[in-house]
Amino acid sequence: MAKIVILTGSPHNPGTSKTLADAFEKGARENNNQIYRYDAGLQGADNPHFLQLKKTAGMEVGIPDNDLVEKEVLPKLLDADVVVLVGSMYYFGINAQLKAVIDRFYDYNHELKDKHSVILMTAYGTQEDMAAIKLHMQLLQKYMRWPSLGDVYADDSWNSDKLQKHAQEAYEIGHQIH
Ligand SMILES: Cc1cc2nc3c(=O)[nH]c(=O)nc-3n(C[C@H](O)[C@H](O)[C@H](O)COP(=O)(O)O)c2cc1C
């Protein structure tokens, strides 16, 4: 049984990256893994997760009071065996909602090291269009020391046949985790 944290970023619901996240989650749940999922792009106004800088001198990153990322997401991440980052490509990079949560890793960089990871990304365009996002994710996985258990870069995401094929890959990655 692995502890898995799934972080998604898209505000599009139901969207293409949600299809991959749901498929991964289904596969992982079938093996009774323990799963916590945070859908950053679907949070309401009560729960903003973009960085909120307190005007505290000398602080590079400030943390708002009663912040869900601080109270819930980061403790789950610290305890996790596997981190799954799920996003959609916006302007050749990962969308801002997911990035806002990744940026919160900063205070815990060392404690967060040495987990495993899965990357699930969708884009309307081609594999070539996804080159920068792949490199970004690979550098992040290397920096965090999070070896990959399998990644899916789902190009041509509005092609439902291709999306289903990529969702099956995501399902199989989830299903191999014990
Ligand atoms: C703001 C915005 C920027 C986008 N930029 C790109 C892009 O640079 N290249 C691309 O191939 N697709 C781009 N797309 C398309 C999305 O990557 C694509 O529709 C994806 O399937 C969305 O995933 P989602 O349904 O999970 O949100 C963009 C979409 C939005 C809304």
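Since the structure is predicted, the reported quantities are computational estimates derived from the model, not experimental observations. (Residues numbered from 1 in each chain as written. Predicted model: local features only at pLDDT ≥ 70, side-chain atom pairs only at ≥ 80, totals over all residues. Heavy atoms only, no water.)

Colleague: So what exactly am I meant to see when it comes to the environment of Gly-15 here?
Modeller: With respect to the helices, strands and loops of the structure, Gly-15 is situated in the loop between β1 (3–8) and α1 (16–29). A relative accessible area of 6% places Gly-15 in the buried class. Considered as a pair, Gly-15 and Trp-158 are 143 residues apart in the sequence and their alpha carbons are 9.6 Å apart. (Helix = DSSP H or I, 4+ residues; strand = E, 2+ residues; numbered from the N terminus. Buried < 20%, exposed > 50% of the residue type's maximum accessible area, 1.4 Å probe, protein only.)

Colleague: Could you clarify how one ought to interpret the site of the ligand in this entry?
Modeller: Close to the ligand lie 16 residues; Ser-10, His-12, Thr-16, Ser-17 and Ser-157 are nearest. For the ligand, an oxygen atom lies 2.5 Å from a polar atom in the side chain of Ser-10. Taking Trp-158, its side chain carries an N or O atom lying 2.7 Å from an oxygen atom of the ligand. Look at the ligand: alone it shows 650 Å² of surface, and the protein chains cover 77% of it. Breaking the shell around the ligand down by element, the ones donating at least two residues are α1 and β3 (82–90). No other element matches β3, which puts 3 residues into the shell around the ligand. For the shell around the ligand, a count of residues per class yields 7 nonpolar, 9 polar and no charged. (Near = heavy atom within 4 Å. Polar contact = N/O pair within 3.5 Å; in protein donor to acceptor, adjacent residues only side chain to side chain. Areas by Shrake-Rupley, 256 points an atom, 1.4 Å probe, with all protein chains shown as cover. Nonpolar A, V, L, I, M, F, W, Y, C, P; charged D, E, K, R; others polar.)

Colleague: I tried to follow the packing of aromatic side chains on my own but got confused; where do I start?
Modeller: The geometry of an aromatic ring pair is captured by two quantities: the separation of the ring centres and the angle between the planes. By the definition in use, this model includes 1 aromatic pair. Above the ring of Tyr-143, the side-chain terminus of Lys-113 is found at 4.1 Å from the ring centroid. (Phe/Tyr/Trp six-rings, centres within 6.5 Å; stacked < 30°, edge-to-face > 60°. Lys NZ or Arg CZ within 6 Å of the ring centre and 35° of its normal.)

Colleague: What's the story with the pattern of salt bridges in this structure? I'm lost.
Modeller: Pairing is possible between side chains of opposite charge, provided their charged atoms come close. Tallied over the entire structure, the rule returns 14 salt bridges. Here Arg-104 and Glu-70 are joined by a salt bridge, their closest N and O atoms 3.4 Å apart. With Arg-104 in the loop between α3 (96–102) and β5 (116–122) and Glu-70 in helix α2 (residues 68–79), this residue pair connects regions lying 34 residues apart in the sequence. Given a relative accessible area of 23%, Glu-70 falls into the partly exposed group. As a salt-bridge pair, Lys-162 and Asp-155 come within 3.2 Å of each other at their nearest N and O atoms. (Salt bridge = Lys/Arg side-chain N within 4 Å of Asp/Glu carboxyl O.)

Taken by themselves, the reported measurements are silent on function.
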